[in-house]
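# Remarks on the overall topology
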Amino acid sequence: MSDHEEVIKFEEEGIRLLKESLDKTEDYQVPHVFVVGGASGDLAKKKIYPTLWGLYKDQLIPKQTFFVGYARSKFSILELREKVEPFFKVGPNENEVLEEFWKMNSYVAGSYDKGPDFQTLDSHIRGLSCKAHRIIYLALPPTVYQSITKNIHDYCMAPKECWTRIIVEKPFGHDSQSSAELSKHLSGLFVENQLYRIDHYLGKEMVQNLVIQRFGNRMFAPLWNRDNIASVVISFKEPFGTFGRGGYFDTFGIIRDVMQNHLLQMLSLIAMEKPVSLNAEDIRNEKVKVLKCIKPIEITEVVLGQYMGDPNGPNEDSRTGYLDDPGVSKDSVTPTFATAVLFVKNERWDGVPFILRCGKALNERKAEVRVQLKDVSGDIFTRGQLARNELVIRVQPDEAVYMKIMGKKPGNSFDCEETELDLTYASRYAGVKLPDAYERLILDVFLGSQIHFVRSDELAEAWRIFTPLLHKIDKERIKPVKYTFGSRGPKESDDLLKKYNFTYTGTYKWKNEAKI
Ligand SMILES: NC(=O)C1=CN([C@@H]2O[C@H](COP(=O)(O)OP(=O)(O)OC[C@H]3O[C@@H](n4cnc5c(N)ncnc54)[C@H](OP(=O)(O)O)[C@@H]3O)[C@@H](O)[C@H]2O)C=CC1
Ligand SMILES: O=C1O[C@H](COP(=O)(O)O)[C@@H](O)[C@H](O)[C@H]1O
């Protein structure tokens, strides 16, 4: 059997075992209805429908799952299909199952704020199955959350013997107050275990791996503290700007878009104490605890940036600055880049800077966690030969965990050399398909697992840390530093990293296996 065939067999076996256990789940014997609120929109088209198709064809959701699109625009199911199917991955032998999938789909047009429209939706659902569990995905702008959730609660809940789960997309408010208002509204309608607040970074393979790496290995635990760790840098970089989304982005900025949620979620998984168990509440309790130890961020510990077009850029996008976007006002001070330093004031982490860095229109696509260890004490080698150890967890692209270490330069000399212990997923797990984040998270909702969803108190803590800073930026219209499209971002960000104990030597060279 070739390596490739073996991988496929391994994967098929994995899916078979998962399916077997799902088939035995009591809930899976009951019909389900999955409502896509905002079915006509971009998220539904690019993420939700393709995910539902993926789960359906892999038979990971109950056989009797009906999919109902709901939005204001009038669509026939054929029109919806034409719109969303180009985003599906359909294998050569999957046409029959694709037809079956579409037979399970229907569409209802209606408003988000009128009760009778939800009565119509409810009778449509009852027509499909009068005793079905219901999952309702709000792939909608936050402006309609309050009205749609009220109408769902009043007119569209599953019958008593079945459950209803609501999936809410970010943004969950834009500061502490608005988020608290939304939480209060939702908690007046639903109990916490009906609410699934999605942060799709929690569905990524390497983010989920953090808990296993930290608590499933003896070797990291003794190092994981202020005695050994100099700084932790959590980065998110995108090589494209906001063009086309400028109008939306301008009201949020990069801190609300990425840092307050995705990066802070990663921070809490890196910094939290060991949970009592893998139970969702135990994990979320630890995440909340660690967030409670973080003081609101000071503006002096922040660098803000905004990209400008590169006149010599290779394409139009890169020649277009943020302020050239027609959706963005010409004097906008919205940051498209930010670096912020946070401190977790507890026994484990006191004094260790956690540096969150994120930006659009940069030189590469990358999300990673970089744990830099302190210098070796009592250095016996030639001064300056030793570089700091680093543990890098690369979330995307090309998932990897690597540890930068010092080793003997092979040969007759006794020189030190920077090298690595390298777990590259593409070679260790060659050919293994890593499920998309949405696929894992939506499957979790079917299974009722809230481990990878954000609890309301976690959200309140996240906003507490960022709100004073965001208000100051908004009120004082703090000017971001300009940086060029396709660069690494403002130099001031590197200066901040240096100030907060991240040492960059530029001496590490990775010998890519493929090139040897
Ligand atoms: N398994 C794998 O796939 C492995 C891949 N590699 C690859 O090797 C390459 C080098 O490895 P890497 O770990 O990045 O090591 P480097 O030492 O080259 O970079 C370390 C960090 O320094 C940042 N940096 C770069 N320039 C500066 C600067 N002037 N001041 C401050 N910080 C700076 C980089 O990020 P930024 O530019 O974002 O600021 C990066 O976060 C990478 O492309 C990596 O992906 C390495 C090992 C294993
Ligand atoms: O939530 C968001 O995330 C995306 C990046 O997601 P990724 O899975 O592609 O890394 C980002 O582009 C977007 O601005 C933000 O709202």
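Just so you know, the residues in each chain are numbered from 1, in the order the chain's sequence is written. Going through the entries in the order they are written, you letter the chains from A and number the ligands from 1. For a predicted model such as this one, the threshold for reporting local features is a pLDDT of at least 70, and the threshold for listing and counting side-chain atom pairs is 80 or more; totals across whole chains, interfaces and linings nevertheless cover every residue. Water and hydrogen atoms play no part in the side-chain values, which are based on all heavy atoms of the structure.

Per an unreviewed UniProt entry, the protein goes by the name Glucose-6-phosphate 1-dehydrogenase and belongs to Dimorphilus gyrociliatus. The annotation that UniProt attaches to the protein under Function (unreviewed entry) is "Catalyzes the rate-limiting step of the oxidative pentose-phosphate pathway, which represents a route for the dissimilation of carbohydrates besides glycolysis." UniProt positions are given in the numbering used here, feature names are shortened, and annotations may be inferred rather than shown by experiment.

Attention now goes to the site of ligand 2. The near set for a molecule or strand comprises every residue that places at least one heavy atom within 4 Å of it. The environment of ligand 2 is made up of Lys170, His200, Tyr201, Lys204, Phe236, Glu238, Arg245, Asp257, His262, Lys360 and Gln396. We call two N or O atoms a polar contact when they sit within 3.5 Å, provided that within protein one can donate a hydrogen and the other can accept it, with sequence-adjacent residues counted only if both atoms are side-chain atoms. Measuring from an oxygen atom of ligand 2, one finds a side-chain N or O atom of Tyr201 at 2.4 Å. Its free accessible area being 400 Å², ligand 2 has 78% of it covered by the protein chains. Here the residues of the shell around ligand 2 sort into two nonpolar, three polar and six charged. For accessible areas, the Shrake-Rupley method is used with a probe of radius 1.4 Å. Any residue's cover is judged against the shown protein chains and nothing else. Under the grouping applied here, Gly and all other residues not named as nonpolar or charged are polar, the nonpolar ones being Ala, Val, Leu, Ile, Met, Phe, Trp, Tyr, Cys and Pro and the charged ones Asp, Glu, Lys and Arg.

All right, on to helix α14 (residues 437-447) then. Burial status follows relative accessibility: with a 1.4 Å probe on protein chains alone, a residue under 20% of its type maximum counts as buried, one over 50% as exposed, and anything between as partly exposed. Think of it this way: any DSSP run of H or I at least four residues long counts as a helix, any run of E at least two long counts as a strand, and we number them from the N terminus. Most of α14 sits inside the fold, with ten of its eleven residues counted as buried. Listed in full, the buried residues belonging to α14 are Ala437, Tyr438, Glu439, Arg440, Leu441, Ile442, Leu443, Asp444, Val445 and Phe446. Downstream of α14 by a residue or two, Gly448 has a phi angle that is positive, lying close to 75°.

To continue, consider unusual backbone geometry. When glycine is set aside, most residues are seen to have a negative phi, and most peptide bonds are trans. Omega for the peptide link from Lys170 to Pro171 comes to 5°, which places this bond in the cis form. Checked against the element boundaries, Pro171 lands in the loop between β5 (164-168) and α7 (176-189). Cis peptide bonds are those with omega within 30 degrees of zero, and the linkage from Gln396 to Pro397 qualifies with -15°. Positioned with a positive phi, Asp398 is a non-glycine residue whose angle comes to about 55°. Tracing the backbone through its elements, the reader meets Asp398 in the loop between β12 (390-396) and β13 (400-408). A relative accessible area of 54% places Asp398 in the exposed class. Residues other than glycine seldom take positive phi values, yet Arg477 does so here, at roughly 45°. Relative to the elements of secondary structure, Arg477 occurs in the loop between α15 (456-476) and β15 (481-484). According to the relative accessible area criterion, Arg477 is partly exposed, its value standing at 42%.

What follows is about the site of ligand 1. Around ligand 1, the surrounding shell holds 18 residues, and the nearest of these are Lys237, Arg394, Asp422, Thr424 and Arg488. A distance of 2.7 Å separates an oxygen atom of ligand 1 from a polar side-chain atom of Arg357. For ligand 1, a nitrogen atom lies 2.6 Å from a polar atom in the side chain of Asp422. Among the elements of the structure, β11 (366-373), β13 and β14 (416-424) are those that each provide at least two residues to the shell around ligand 1. Of the residues that constitute the shell around ligand 1, the class distribution is six nonpolar, one polar and eleven charged.

Looking at where Asp444 falls in the secondary structure, it is placed in helix α14. Of the buried charged residues, Asp444 lacks a salt bridge, with Arg440 as the closest side chain of opposite charge at 8.0 Å. As used throughout, the charge tally considers Lys and Arg to be positive and Asp and Glu to be negative, leaving His and the chain termini uncounted. Salt bridges are defined as contacts in which a side-chain nitrogen from Lys or Arg sits within 4 Å of a carboxyl oxygen from Asp or Glu.

With that settled, consider the sheet that holds strand β6 (residues 195-197). As summarised here, the arrangement of the six strands in space is β3-β2-β1-β4-β5-β6, forming an open sheet in which the pairing is parallel. Edge positions in the sheet fall to β3 (105-109) and β6, since each has one partner strand and no second. Averaged over all pairs of adjacent strands, the angle between their axes in this sheet comes to 20°, without regard to strand direction. Strands are treated as partners if at least two bridges between them are detected by DSSP. Lines are fitted to the C-alpha atoms to define the axes, a helix being fitted only along its stretch in contact, and any angle between axes, read from their N-to-C directions, falls within 0 to 180 degrees.

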